[in-house]
Amino acid sequence: MLYIGEEVGTGNGPEIDIAVDPLEGTTICAHYKSGAMSVLAATKKGNFLHAPDVYMEKIAVGKNLPEGVVSLKNSIEKNLDNLAKAKKCKVNDLVVTVLKRERHNELIEKIRKLGAKIKLIDDGDVAAVVSLVNGNHDMYIGIGGAPEGVLAAAALSSIGGQMEGRLIFDTDQLKERAKNLNIHDPEKIYTVKDMARGESVFIATGVTSGELVDGVDNICSTSSLIILPNKLIKLQTMQNLC
């Protein structure tokens, strides 16, 4: 893992920002469930939000939808209603992905009462956000890691989709940390363009098979998804480790 502000490389090439999660879905991998990935994104220096390692409240939808169709400023009722109208369907036709955490129990109960279907995931919210563009589900909502939010935004900035994130500084210690990081508005809502301000490259390599990429198999074959501006590439590689 890279710590915030860590410098890598020889210093001879162009300066870039890197966001990385060497194992997105550690519990998924440990339990051999689907969707663990190794993820990296890169852009020109200064283009990524330097998100501290704190929680982030997030909401995301796929592409080809009206700008601002969902927002962290809205209630869950309004977000689901707006999304259903934009997709010309009923709320009970929508599928909402949420991390299976105790902190989301009240949110999950509200979504179920409103009639939408819920897809609970153990981990891996980067994959959950990026897979919105495949139409496998309609919305992602909940609280997860802030660095993972930047990684997901890097992918969406190239292939479309909307996302908002709000950093959570809910203790005196975290509020002091926000000041030290020159974050003057702890309630600020960040959009995709705020988190990934320019063109970027996003690469995900499967560890265990999931919706986006296949996992490593017995013959040392890896599957990667490379997202460039307006371009999506799937790459299969094989290595002989003998």
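Conventions used here
Residues numbered from 1 in each chain as written. Predicted model: local features only at pLDDT ≥ 70, side-chain atom pairs only at ≥ 80, totals over all residues. Heavy atoms only, no water. Buried < 20%, exposed > 50% of the residue type's maximum accessible area, 1.4 Å probe, protein only. Helix = DSSP H or I, 4+ residues; strand = E, 2+ residues; numbered from the N terminus. Pairing = 2+ DSSP bridges. Patch = residues over 30% accessible without salt bridge, like charges linked within 9 Å, V, L, I, M, F, W, Y side chains within 5 Å. Areas by Shrake-Rupley, 256 points an atom, 1.4 Å probe, with all protein chains shown as cover. Salt bridge = Lys/Arg side-chain N within 4 Å of Asp/Glu carboxyl O. Core = buried A, V, L, I, M, F, W, Y, C linked by side-chain atoms within 4.5 Å. Contact = heavy atoms within 4.5 Å. Axes fitted to C-alpha atoms, helices over the stretch in contact; angles between N-to-C directions. Parallel < 35°, antiparallel > 145°, perpendicular 65-115°, else oblique. Left-handed = near helix turned anticlockwise from the far one by under 90°.

The name an unreviewed UniProt entry assigns to the chain is Fructose-1,6-bisphosphatase class 2, from the organism Trichonephila clavata.

Draft legend 1. Region of interest: the pairing of strand β9 (residues 200-206). Here β9 shows one buried face, formed by Ser200, Phe202, Ala204 and Gly206, and one open face, formed by Val201, Ile203 and Thr205. The pairing of β9 with strand β10 (residues 221-228) spans four bridges and is antiparallel. Across the sheet, the residue bridging to Ile203 is Ile226, located in β10.

Draft legend 2. Examining a nonpolar patch on the surface more closely. Together, Leu2, Val8, Ile16, Ile18, Leu40 and Ile203 line one region of the surface with nonpolar side chains, adding up to about 440 Å² of accessible area. In this fold, Leu40 is placed in strand β2 (residues 37-44).

Draft legend 3. The arrangement of the nonpolar core in detail. By size, the foremost hydrophobic cluster in this structure holds 44 residues, and its most contacted members are Met37, Val129, Val130, Tyr140, Met163, Leu167 and Phe202. Every element with two or more residues in this core is listed here: β2, β3 (55-61), α4 (125-130), α5 (146-159), β7 (162-167), α7 (192-195), β9 and β10. The greatest single-element share of this core, amounting to nine residues, is contributed by α5. Setting aside its immediate chain neighbours within four residues, Met163 contacts Lys58, Ile59, Ala60, Val129, Gly149, Ala152, Ala153, Leu156, Tyr190, Thr191, Val192 and Met195. By size, the runner-up hydrophobic cluster in this structure holds 22 residues, among which are Leu80, Leu83, Ala116 and Ile141.

Draft legend 4. Molecular detail of the packing of helix α2 (residues 76-86) against helix α3 (residues 105-114). Close contact between α2 and α3 brings their axes to 10 Å; oriented N to C, the two are set at 45 degrees. The angle between α2 and α3 places the two elements in the oblique class. Seen along the crossing, α2 lies across α3 with a hand that is right-handed. Residues Ile76, Glu77 and Leu80 of α2 form the contact with α3, whose own contacting residues are Leu107, Lys110, Ile111 and Leu114.

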